[in-house]
Amino acid sequence: MAYKIMIMGASYGSLLASKILFGGHSVHLICLPAEADLINAEGFRVRLPIRGRKDPIEIDSRKLPGKVTAGGTAGVNPADYDLVGLAMQEPQYRSPGVRELLDAVGKSKVPCMSIMNMPPLPYVRRIPGLDYELLKAAYTDPTVWDSFDPERLTLCSPDPQAIRPPDEKVNVLQVTLPTNFKVARFKDEKATAILRQLEKDIDAVRFDTPEGKIELPVKLRVYDGIFVPLAKWAMLLAGNYRCVTKDGMRTAQEAVHSDIETSRSVYNFVFDLSVKIGADPKDLVPFEKYAAAAQSLVRPASAARALSNGVPNIERADKLVQLIAKQKGLSHPVIDAGVALVDARLEANRKKAAA
């Protein structure tokens, strides 16, 4: 069965879209006018590194079985789709137009899958035993999620890393770490069946190369446990947010490996916290495996780049984890210092923007 899927966010969203299009499904990307015009005229390209090959392969959306279209937020009816993907940064959902479309998605009850680092607030409500009111402080605007039923929303861990090469058109995405997307099932079996079909379709993909058909990395993996996508939390706090420094930024590789014992301590603290709120240790990633992957992360994380570019709001998974830990009577000095540093950098950015 071919599904109609809408993805809000064309940058990172085009990576997931490229995989979905192999299965013959149609994808509509919500993005800025210049991006939409380019994608509608030329499609998009995704470059994937392949183990054992010198050069990456390039996926051209125009050559895939499915169909891609792109457009803005106006005149979109979420009820026309079988599944909606959320691939923007959390602060963007309060933007004019985006906010109204997100609200319509929630009210439509169409199954919705987030691929944000910051889990949407209704997804966090699927975790038992937390005071959700006290977690709202981690969100740029928690009210944008008011229309969502937690049972119609799931989370997909955005583990694959990708960038838009600065010297290329905005319809090009380059994958730098080709790991798998990990998605938690919906409460509803019918909605989960869509995810399982997409998983199967993506598994079946074989790509034509001069030396024959090859399997492609970056799969979609569906899990029964709601904590699987939250394995990313430990990585974010040990690596991504520690790319932020008082006077600028450093690479994720430096953040993790310049003081490996501190990184291990932060990582294991978040790992243990995840277990405390219900995660199965088997569903999480051990520090050694993450530290090995971090060797290839030779760019600062997007949060650090955004802060250095002067943005007034970023995703605050760091603060969310800190607030959850606090509810469990726990804290970590490095996490507390990191949250305070990001707070200060954001405050300075907001003052500068207001001046």
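It should be noted that the structure appears before, not after, this text.
All of the points below concern the structure found in this document. Keep in mind that this is a model prediction, so the values were computed, not measured. (Residues numbered from 1 in each chain as written. Predicted model: local features only at pLDDT ≥ 70, side-chain atom pairs only at ≥ 80, totals over all residues. Heavy atoms only, no water.)

Some thoughts on the overall build of the protein chain
Reasoning step 1: Helix and strand counts for the protein chain come out as 12 helices and 16 strands.
Reasoning step 2: Its C-alpha atoms give the protein chain a radius of gyration of 20 Å, near enough to 20 Å, the size a compact globule of 355 residues would have.
Reasoning step 3: A sequence separation of at least 24 residues applies to 74% of the contacts in the protein chain between residues at least 6 apart.
Reasoning step 4: When the 48 positive and 42 negative side-chain charges of the protein chain are each reduced to one mean point, those points stand 1 Å apart. (Helix = DSSP H or I, 4+ residues; strand = E, 2+ residues; numbered from the N terminus. Rg over C-alpha atoms; globule rule 2.2 N^0.38 Å. Contact = heavy atoms within 4.5 Å. Lys, Arg positive; Asp, Glu negative; His and termini not counted. Charge placed at Lys NZ, Arg CZ, Asp CG, Glu CD.)

Concerning the layout of surface pockets
Reasoning step 1: Taken as a whole, the largest pocket holds about 1,400 Å³ of empty space.
Reasoning step 2: The set of elements that each furnish at least two residues to the lining of the largest pocket consists of α2 (33-42), β9 (161-163), β10 (172-177), α6 (232-238) and α10 (302-308).
Reasoning step 3: Sorting elements by how many residues they give to the lining of the largest pocket places α10 first, with four residues.
Reasoning step 4: Its residues placed into classes, the lining of the largest pocket shows 29 nonpolar, 14 polar and six charged.
Reasoning step 5: Considered as a void within the structure, the second largest pocket measures approximately 440 Å³ in volume.
Reasoning step 6: Every residue lining the second largest pocket is counted, 20 residues in all, and those nearest its centre are Asp159, Thr179, Lys182, Met235 and Val285.
Reasoning step 7: Elements with a minimum of two residues in the lining of the second largest pocket: α6 and α9 (287-294).
Reasoning step 8: Broken down by element, the lining of the second largest pocket gets its largest block of residues, three residues, from α9.
Reasoning step 9: Each residue belonging to the lining of the second largest pocket can be placed in one class, and the counts come to 10 nonpolar, four polar and six charged. (1 Å grid on protein atoms, 1.4 Å probe; cavity = no way out; pocket = protein on both sides within 12 Å on 5 of 7 lines; lining within 4 Å. Points joined across faces, edges and corners; volume = space filled by probe spheres on them. Nonpolar A, V, L, I, M, F, W, Y, C, P; charged D, E, K, R; others polar.)

Details of the environment of Met1
Reasoning step 1: Structurally, Met1 is set in the segment before β1 (4-8).
Reasoning step 2: Classification of Met1 by relative accessible area gives exposed; the value is 73%. (Buried < 20%, exposed > 50% of the residue type's maximum accessible area, 1.4 Å probe, protein only.)

So, the packing of helix α8 (residues 260-276) against helix α11 (residues 317-327)
Reasoning step 1: At a minimum axis separation of 11 Å, α8 and α11 run at an interaxial angle of 60°. With respect to α11, the axis of α8 lies oblique. The two elements α8 and α11 cross, and the hand of that crossing is left-handed. Across the interface between the two elements, Phe269, Val270 and Leu273 from α8 touch Val321, Ile324 and Ala325 from α11.
Reasoning step 2: Residue classes in the contact of α8 with α11 are distributed as six nonpolar, no polar and no charged. (Axes fitted to C-alpha atoms, helices over the stretch in contact; angles between N-to-C directions. Parallel < 35°, antiparallel > 145°, perpendicular 65-115°, else oblique. Left-handed = near helix turned anticlockwise from the far one by under 90°.)

Focus: the pairing of strand β14 (residues 220-223)
Every other side chain in a regular strand lies on the same face of the sheet, so the side chains alternate between the two faces.
Reasoning step 1: Here β14 shows a buried face lined by Leu220 and Val222 and an unburied face lined by Arg221 and Tyr223.
Reasoning step 2: When strand β11 (residues 181-184) meets β14, the two strands line up parallel, connected through four bridges. Paired with Lys182 across the two strands is Arg221, which belongs to β14. (Pairing = 2+ DSSP bridges.)

Focus on the sheet that holds β10
Reasoning step 1: Spatial ordering of the open sheet is given by β4-β3-β10-β9, a layout of four strands whose pairing is mixed. Bordering the open sheet on either side are β4 (57-60) and β9, each of which pairs with just one other strand. Strand after strand, the sheet turns through a mean of 25° between neighbouring axes, direction not considered.
Reasoning step 2: Where β9 and β10 come together, three bridges link them in antiparallel fashion. Note that in β10 the partner of Gln161 across the bridge is Leu177.
Reasoning step 3: Together, β3 (45-48), β4 and β10 form the strand contacts of helix α1 (residues 13-21), whose direction differs from that of β3 by roughly 90°.

Regarding the side chain of Arg316
Reasoning step 1: With respect to the helices and strands, Arg316 occurs in the loop between α10 and α11.
Reasoning step 2: Under the relative-accessibility criterion, Arg316 is labelled buried at 7%.
Reasoning step 3: Of the polar contacts made by the side chain of Arg316, one reaches the side chain of Asp318; its length is 2.9 Å.
Reasoning step 4: Residue contacts for Arg316: discarding those within four places in its chain leaves Met118, Ala138, Tyr241, Val339, Val342, Asp343 and Leu346. (Polar contact = N/O pair within 3.5 Å; in protein donor to acceptor, adjacent residues only side chain to side chain.)

A closer look at the sheet that holds β1
Reasoning step 1: Across the sheet, eight strands lie side by side as β5-β2-β1-β6-β7-β8-β11-β14; this open sheet has mixed pairing. At either margin of the open sheet sits one strand with a lone partner, and together these are β5 (67-71) and β14. Shown here is a sheet whose adjacent strand axes are inclined to one another by a mean of 25°, direction ignored.
Reasoning step 2: Bridging between β1 and strand β2 (residues 26-30) involves five bridges; their strand directions are parallel. What sits directly across from Met8, in β2, is Ile30.
Reasoning step 3: Packed onto the sheet, helix α5 (residues 189-203) meets β1, β6 (83-86), β7 (112-114), β8 (153-157), β11 and β14 and runs at close to 145° relative to β14.

Honestly, it's all geometry; don't read function into it.
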